[in-house]
Amino acid sequence: MSKTMLEVKGLTTKYITRFHEDVYAVDHVSLKIEEGKSLGIAGESGCGKSTLALSLMGYYFPPLHYQSGDIIIDGKNISGMKPDDVRKNVLGTEIAYIPQAAMNALNPTRKIYKFIEDVVKAHDPKQDEKTILEMAKSRFTELGLPLDSLDKHAVELSGGMKQRVVIAISTILKPKVLIADEPSSALDVTSQKMVIKMLRDMMDRGFIKSMIFITHELPLLYNVTDNIMVMYAGQIVERGSAKEMVFDPIHPYSRGLMKSILVPEEGMREHKLAAIPGTPPNLKKPPQGCRFAERCKYAVPSCRFNSLPMIEFEGERGYRCGHSVQHLREVYQHEE
Amino acid sequence: MKGYRKYFTKKVIWFAITFVVALALNFILPRLMPADPVAAITGRLVSGSSDATAAAKVYEHYQEEFGTNKPMLEQFWIYIKNLFSGNMGTSFSQYPRSVNEIISSAIWWTICLQLPAIIVGWLIGNLLGALAAYIRKGFDKVLMPLSLFLSSIPAFGMAVILLVFFAVNLKVAPVSGAYGFDMIPNLSWKFIGSVISHYQLPFWSIVLISIGGQAVGMRSMSIYELNADYVKYARFLGIKDRKIVGYVFRNAMLPQVTGLALSIGTMIGGALVAEIIFSYPGLGSVMYSAVTAADYPLISATTLIITIMVLIVTFLLDLVYALIDPRVKAAQFD
Amino acid sequence: MKNTLRQVFHSGKFVAGFCIFAFILLMMIIYPLINPGNPLERIGVGTFAKPGTYVSLYDTVDTETETFKLADADDKRLAKILSDSDRVSMVEWLTQAEVDLTGVSMNDTEKLLDLWHANYDDSIRLKGMTKAQRNYYVRLNNSLNNASKADTLTVTDVDPDTNEVVEKTKIQKTDYVNVGDVANTKTLPLGTDNFGRDVLKELVSACGTSIMIGLIAGLVATFIGLLLGLLAGYLGGVADDIIMFITNIFTVIPSFVLLILISYSLGQDQRGATTVAIVIGLTSWVWTTRSVRSQVISLRNRDHVNLSKLSGHSLMRIIMTDILPYIASYVVMAFILQVSSGILAEAQLSLLGLGPKTTEVPTLGLMMNWAMLYSAHLNGSWWAYFPVILTIAGISFSMNLMNTGLDQVFNPTLRD
């Protein structure tokens, strides 16, 4: 039994809009990652997965606000800590973040090594510049990044290089948990592969102890992560191992998501392109019952009224739907 | 540094072309008009003035010096030649003073007044704009409309208001001129003191005017930068807010340098008119008296000098900007 | 469209600016209806009459009077005659004459006068007093005596037949007339200017002319800027290079200088308000060109534009249906800015003496120019220039506010 790196219990966060309305973009999310493991989170844009990434950092600034729940990193609960403590002792060292738009993630007018200096000194002001530069150099060499990029401004780097530099900077302090928010979606296929390879490589070498990988392409996660969760309208609707989720999705939404992208991967049958009709619900007034009922072709009237708990099945798996697993499997089989 | 040299050469060529265009416009525009303004003016002078022979002499002198009776192209050639030998002709209204003499005594007053005033206004405006963007809430709610209102007051209006309030009513500052009217410029403490006290009102009126516009621009720019992705990323790396605010303001401030370069032409226009209100002996007042006295060579020379000044300042700002902002470096130096 | 308008009118800043501007426009329409006539008519012979209501002195003599006994009437009358500097002079004289002034305050009119009447004697020669000063004290003494002595004022007339002076009427100190009964009164809320013209009437008319100048200048500049910007942005290539080359040159050469050169060359006789407006427009299109061009470039390769191109639509149609609607908000904002800077440019030109010719219409700049020429700012005639400055600032402010409002609607990051 390996160590639990990150455990989240019932985390709820909200956006407060200009008109003082609360929007619960992350609603009672619980998850768990063990050392050396990675977790994928999938969902359409607007389903709350990026907000979940921000919320997991335990460091909130407007319009995002903390509501309730616990975030426990390596046995330490950070949700009760003072913001400045979180900043100094958690961010970067315990938990780190790779943003969605790496293209613009770096301050355009600061040289890379200067920025690395800022990051290190924010946690340990006594570090001297020479040591930091040496450390940065050795890390860049280990990760196969050109050393001259350290002395450049972000604007002088190519897109793929920028993304890899961002990954190197995020992990410079060897965080226990790395949260990568669609780190590859804006890149071309070659750069995408390099980024994913780099992330796996860092797990293997122990620069990071665990990882959360967020994407809107569920099938992509099969290659990258050990476990997968599917998110819809601020809630987790299904979780399981990567293999189970890709080949045997139970929740109608996971299934739709799986089908909506055509990926000719080995071992997978060719899927028809089947986009899910409709858009995620307005979270200012979430639906009373199942949040997916509006778009679900298997929905029955009772779906709209009964709010649903996460139901566990087959060991570690879980899903959130009014129909039984057996019923859904039968329906799916019948369709094909 | 090789890239910079290329950029520099490109800029030099570009400004040289602009300079030639400005020269040509300065030469052609008055001559494109239905009547030759010089002839028209001297004609008016001859018929209206009691000193008709003097006016005729002025005109003859001018004709000889600038060859106004020769073909256009040759005139332009003479104009350029005169200009480069540093001869801008003889003033009609202050004959026989040369235009060079009049302008060289006025230009330093203008430079010493406007350059510091615009720079100080720029700095204060940017600071206030940055603060408004950072603090938001009450400070912003008050400062924004105030800056907007300040920037809406015309420069001459601000000059008049300051003049009436401080010089006429409170009598804490002199009403007009650049130094006591009974003084002859010298290097005594008394003279310097007088210059400083005369300097205050024109200076602050220009500063106040530039603050408003700069503050509004800087605020928008800072808000835009505060929402940038790199701010969020830096925060999540645990970097202190104070440091991040430093990033943001540096990044927002840099484009304001270009903003200054682009708007300096407009600002100078307003500031020159403000000079008239204070009878400050700079180019603005020279231009005013030249227009009133229909002194064509003087007007033409003042406009040219102002254009050249603006060109030089813009050129320098462009060069400095490229050095301090790596974003331009990346875009321009390849 | 409807939705956009609703959004725009939800912006507090836009609405505030719009209200100020609407108020100014309303004034321009309503005031000439209440007070018609030529704004350049010289009603006053003197210069710079103070704001206030003027009552015909001639008519008051024939107006029916009422008698009021007001206790403080005498004091008020005296206070009006006795200016602050007079009081200072009186105290100076009394001190010089070694009169005991303990316990007498300068504002205590009664005590001061008592002391004065008791001690003043024009035969007393004080040390170091010039003749002019002595004469001043004699004059002051006379006017004080007049004010406190006679209770009636006799108005006389010359009999046309006999050429004899006859008494017409006697005016008591306690006589009052009702202003409503006087045949001729004139209210000048902002007094008169250096030519004796009604400043408010002139201001309202000038405001209209200046706004018209701003609108024409704005239209001309926006039209040129839009055309060049569309061409440069949409066509690209050589056309773009040429247009941007010209635009960059005119960005650096100060438009103010060009304005001066052109206006001067036109000559006073050629410069009507419209001509000045067009000249201003011709020198201020660069900003519109720049912003339109950059917007068009970002639109040029969008899908809907490409689709139109593939469908073989004409250039005109693509520009009208696929490009213009998307840049409309920027063009409107640029136009508003052009209008307000056009008004300002006219004012600056006029101050230099290069504004529209002075005989036809007043403009805000010309009013300012006249006020400065006649040193209104030095002789305390605030009504001749301050309302003008306030009007220019008000128009600019309202337009800047509207623009900021629009900016916040169309660039959501700037929202509060």
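Computed from a prediction, not measured in an experiment: that's the story for all the values here. Residue positions are given per chain, counted from 1 along the sequence in the order it is written. Chain letters and ligand numbers both follow the written order, the letters beginning at A and the numbers at 1. Per-residue local features of the predicted model are confined to residues with pLDDT of at least 70, and side-chain atom pairs are confined, for both listing and counting, to 80 or more; whole-chain, interface and lining totals are unaffected and use all residues. Calculation of side-chain values draws on the structure's entire complement of heavy atoms; hydrogens and water are dropped beforehand.

1. Remarks on the overall build of chain A
Applicable threshold: A run of H or I in DSSP becomes a helix once it reaches four residues, and a run of E becomes a strand once it reaches two; helices and strands are each numbered from the N terminus. Here the globule rule reads 2.2 Å times residues to the power 0.38, and the radius of gyration is calculated from C-alpha atoms. We call two residues in contact when some of their heavy atoms are within 4.5 Å. Calculation of accessible area relied on Shrake-Rupley with a 1.4 Å probe; when residues are assessed, cover is drawn exclusively from the protein chains displayed. The charged-residue count follows a simple rule in which Lys and Arg add positive charge and Asp and Glu add negative charge, with His and chain termini not counted at all. The location of each charge is read from NZ of Lys, CZ of Arg, CG of Asp or CD of Glu.
Counting secondary structure elements, chain A contains 10 helices and 12 strands. Rg of the C-alpha trace for chain A: 21 Å, near the compact-globule value of 20 Å for 336 residues, within the 12% margin. Expressed along its principal axes, the backbone C-alpha trace of chain A runs to roughly 65 × 45 × 45 Å. Contacts in chain A between residues at least 24 apart in sequence constitute 64% of all its contacts with a sequence separation of at least 6. By element, 51% of the accessible surface of chain A is carried by carbon and sulfur atoms, the whole surface being about 15400 Å². Chain A carries 44 positive and 42 negative side-chain charges, and their two centres are separated by 3 Å.

2. Notes on the pairing of strand β3 (residues 38–42) of chain A
All names here are of chain A. Note the following rule: Buried, partly exposed and exposed residues are distinguished by accessible area as a fraction of the type maximum, computed with a 1.4 Å probe on protein chains only: under 20%, between the cut-offs, and over 50%, respectively. In this analysis, strands are considered paired if DSSP registers two or more bridges between them.
Of all 5 residues that make up β3, 5 are buried, and the element is covered over most of its length. Residue alternation in β3 divides its side chains into two sets, Ser38, Gly40 and Ala42 and Leu39 and Ile41, and both sets are buried. Pairing of β3 with strand β8 (residues 210–215), which is carried by 5 bridges, proceeds in the parallel orientation. Of the residues in β8, the one forming a bridge with leucine 39 is isoleucine 212. By the bridge criterion, 4 bridges tie β3 to strand β9 (residues 227–232) in an arrangement that is parallel. Its bridge partner lying in β9, glycine 40 is registered against isoleucine 228.

3. Concerning empty space enclosed by the protein
Condition: Any residue with an atom within 4 Å of a point lines the site, the site being either a cavity, points on a 1 Å grid over the protein atoms alone where a 1.4 Å probe fits but cannot get out, or a pocket, an open set with protein on both sides within 12 Å along at least 5 of 7 lines. Grid points are joined across faces, edges and corners, and a volume is the space filled by probe spheres set on the points. Only Asp, Glu, Lys and Arg are considered charged, only Ala, Val, Leu, Ile, Met, Phe, Trp, Tyr, Cys and Pro nonpolar, and every remaining residue, Gly among them, polar.
In the structure shown here, the tally under the stated rule is 8 cavities of 30 Å³ or more. Each pocket or cavity is described by its volume, and for the second largest cavity that value is around 70 Å³. Residues that form the lining of the second largest cavity fall into these classes: 9 nonpolar, 3 polar and no charged.

4. Topic: the packing of aromatic side chains
Going by this rule: Pairing of aromatic rings covers Phe, Tyr and Trp, the last counted by its six-membered ring, and requires centre-to-centre distances within 6.5 Å; plane angles under 30 degrees mean stacked, over 60 mean edge-to-face, and any other angle means tilted.
Going through the model one piece at a time under the given rule, you end up with 37 aromatic pairs over all chains. Ring geometry for phenylalanine 203 of chain B against tryptophan 204 of chain B: centres 5.0 Å apart, planes inclined by 80°, an arrangement best described as edge-to-face. On the basis of relative accessible area, phenylalanine 203 of chain B is assigned to the buried category, the value being 10%. Residue tryptophan 204 of chain B is classed as partly exposed on the basis of its relative accessible area of 38%. Here a set of aromatic residues connected by ring pairs shows up, and it is made of Trp93, Trp116, Tyr120, Tyr136 and Tyr137 of chain C.

5. Considering the interface of chain A and chain B
Our working definition: Buried area is calculated as the accessible area (1.4 Å probe) missing from two parts once they are joined, with the contributions of both summed. The salt bridge definition used is simple: a Lys or Arg side-chain nitrogen within 4 Å of an Asp or Glu carboxyl oxygen. We call two N or O atoms a polar contact when they sit within 3.5 Å, provided that within protein one can donate a hydrogen and the other can accept it, with sequence-adjacent residues counted only if both atoms are side-chain atoms.
Listed by partner, the interface residues are 28 residues for chain A and 21 residues for chain B. A combined buried area of about 2300 Å² lies between chain A and chain B, and 68% of that area is made up of carbon and sulfur atoms. When residues of chain A are sorted by the area they lose upon contact with chain B, Phe61, Arg87 and Thr109 of chain A head the list and together hold 24% of the total. Joining chain A to chain B, the criterion identifies 1 salt bridge. Where lysine 243 of chain B meets aspartate 118 of chain A, a salt bridge forms, and the shortest distance between an N and an O atom there is 3.4 Å. Where chain A touches chain B, the interface holds 10 residue pairs in polar contact (both at pLDDT 80 or more). Secondary-structure elements contributing two or more residues to the side of chain A that touches chain B are α3 (112–123) and α5 (159–170) of chain A. It is α3 of chain A that contributes the most residues to the side of chain A that touches chain B, 5 residues altogether.

6. Some thoughts on the sheet that holds strand β10 (residues 235–241) of chain A
Residues and elements named next belong to chain A. Condition: Helix axes are fitted to C-alpha atoms over the stretch in contact, other axes to C-alpha atoms as well, and angles between N-to-C directions run from 0 to 180 degrees.
Pairing is mixed across the open sheet formed by 8 strands, whose spatial order is β6-β7-β8-β3-β9-β10-β12-β11. If you trace the sheet from one side to the other, it starts and ends with β6 (95–98) and β11 (311–313), each paired once. Each adjacent strand pair in this sheet contributes to an overall mean axis angle of 20°, direction not counted. The sheet contacts of α5 involve β6 and β7 (177–181), and relative to β6 the element is tilted by about 170°. In this fold helix α6 (residues 189–205) packs onto β3, β6, β7 and β8, with an angle of close to 160° to the strand it touches most, β8.

7. As for the domain arrangement of chain B
All names here are of chain B. Put simply, the rule is: All the domain ranges listed were derived from an automatic or database domain assignment.
Domain annotation of chain B identifies domain 1 (2–84) and domain 2 (105–332). If you look at the interface, domain 1 gives 20 residues, while domain 2 gives 16 residues. Around 1700 Å² of area is buried between domain 1 and domain 2 when both sides are counted, 73% of it from carbon and sulfur atoms. Contact with domain 2 buries surface across domain 1, with Tyr4, Tyr7 and Phe15 losing the most and accounting together for 35% of the total. At the boundary of domain 1 with domain 2, the tally comes to 1 salt bridge. Notably, a salt bridge pairs aspartate 318 with lysine 11, separated by 3.0 Å at the nearest N-O pair. The tally of links from domain 1 across to domain 2 stands at 4 residue pairs in polar contact (both at pLDDT 80 or more). Broken down by element, the residue count for the side of domain 1 that touches domain 2 peaks at 14 residues, all from helix α1 (residues 2–32). Taken together, the residues of the side of domain 1 that touches domain 2 break down into 15 nonpolar, 2 polar and 3 charged.

8. Side note on the pattern of salt bridges
All names here are of chain A. Here the structure, examined in full by the defined rule, presents 31 salt bridges over all chains. Note that arginine 87 is salt-bridged to aspartate 84, the shortest N-O span being 3.0 Å. One end of the pair is arginine 87 and the other is aspartate 84, both in helix α2 (residues 83–89) and 3 residues apart, which spans about a single turn. A salt bridge links aspartate 201 to arginine 205; its shortest N-O distance comes to 3.6 Å. Separated by 4 residues within a single helix, aspartate 201 and arginine 205 lie in helix α6, roughly one turn from each other.

9. Describing the interface of chain C and chain B
Facing 47 residues of chain C, the contacting portion of chain B comprises 56 residues. Our count for the chain C to chain B interface comes out at 0 salt bridges. Our count for the chain C to chain B interface comes out at 2 residue pairs in polar contact (both at pLDDT 80 or more). Residue assignment for the side of chain C that touches chain B shows that the elements contributing at least two residues are α9 (237–252), α10 (255–266), α12 (286–300), α14 (315–352), α15 (364–373) and α16 (386–410) of chain C. In terms of residues, the side of chain C that touches chain B owes the most to one element, α16 of chain C, which gives 10 residues.

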